Amino acid sequence: MYRINIAKVRGKMGEKGYNISTLANSIEINRNTMAEYMRNPSRMPYRAIERLAAILCESKEEAGDIFFDTKLT
């Protein structure tokens, strides 16, 4: 099971200059779908997570920290 740290995703989006629309376009999904995933990350499919990690993260460790966060309750 994964737990996505949306605060960290938003931080990486800002660092890389993405907004919801540009990020959605980059991973080839609809902007409204991306917004829904950000509101309800448990609905995000693994394929979208893979694409986001490839775009936003510099390493596998960083991706694991963001998308498989075990510190969330």
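Here, the structure is the one placed above.
Note that the structure is predicted; figures quoted are calculated from it, not measured.

Draft legend 1. Region of interest: helix H4 (residues 46–56). Residues of H4 that are buried: Ala48, Ile49, Leu52, Ala53 and Leu56. Projected onto a plane normal to the axis of H4, the buried residues spread over an arc of 135° and lie on a single side.

Draft legend 2. The arrangement of the pattern of salt bridges in detail. Evaluated as defined, the whole model comprises 6 salt bridges. Lys8 is the salt-bridge partner of Asp65, the closest N and O atoms lying 2.7 Å from each other. Linking Asp65 in helix H5 (residues 60–67) with Lys8 in helix H1 (residues 6–16), this pair joins segments that are 57 residues apart in sequence. Asp65 gets classed as partly exposed once you look at its relative accessible area, which sits at 30%.

Draft legend 3. How the structure looks around H5. Those residues of H5 not exposed but buried are Ala63, Ile66 and Phe67. In an axial view of H5, the angular spread of the buried residues amounts to 80°, which keeps them on one side of the axis. Structurally, H5 contributes buried residues whose contacts are with H1 and H4.

Draft legend 4. View of the packing of H4 against H5. At a closest axis distance of 10 Å, the pairing of H4 and H5 adopts a crossing angle of 130°. The orientation of H4 with respect to H5, classified from their angle, is oblique. In the packing of H4 onto H5, the handedness of the crossing is right-handed. Contacts between H4 and H5 involve Ile49, Leu52, Ala53 and Leu56 from the former and Glu62, Ala63 and Phe67 from the latter. Looking at the contact of H4 with H5, its residues break down into 6 nonpolar, no polar and 1 charged.

Draft legend 5. How the structure looks around the packing of aromatic side chains. Enumeration over the complete set of coordinates arrives at 1 aromatic pair. With centroids separated by 6.4 Å and ring planes inclined at 50°, the aromatic side chains of Tyr46 and Phe68 adopt a geometry described as tilted. In this pair, Tyr46 sits in helix H4 while Phe68 sits in the segment after H5, placing the two residues 22 residues apart along the sequence. You can call Phe68 partly exposed: its relative accessible area is 36%.

Draft legend 6. Quick look at the side chain of Lys12. Considering the arrangement of structural elements, one finds Lys12 in helix H1. Looking at Lys12, the relative accessible area reads 7%, which means it is buried. There is a polar contact of 3.2 Å between the side chain of Lys12 and the side chain of Glu15. Every residue in contact with Lys12, bar those within four places of it in the chain, is listed here: Leu56, Glu58, Glu62 and Ile66.

What counts, and where the lines are drawn
Residues numbered from 1 in each chain as written. Predicted model: local features only at pLDDT ≥ 70, side-chain atom pairs only at ≥ 80, totals over all residues. Heavy atoms only, no water. Buried < 20%, exposed > 50% of the residue type's maximum accessible area, 1.4 Å probe, protein only. Helix = DSSP H or I, 4+ residues; strand = E, 2+ residues; numbered from the N terminus. Arc of directions from axis to C-beta. Salt bridge = Lys/Arg side-chain N within 4 Å of Asp/Glu carboxyl O. Contact = heavy atoms within 4.5 Å. Axes fitted to C-alpha atoms, helices over the stretch in contact; angles between N-to-C directions. Parallel < 35°, antiparallel > 145°, perpendicular 65-115°, else oblique. Left-handed = near helix turned anticlockwise from the far one by under 90°. Nonpolar A, V, L, I, M, F, W, Y, C, P; charged D, E, K, R; others polar. Phe/Tyr/Trp six-rings, centres within 6.5 Å; stacked < 30°, edge-to-face > 60°. Polar contact = N/O pair within 3.5 Å; in protein donor to acceptor, adjacent residues only side chain to side chain.

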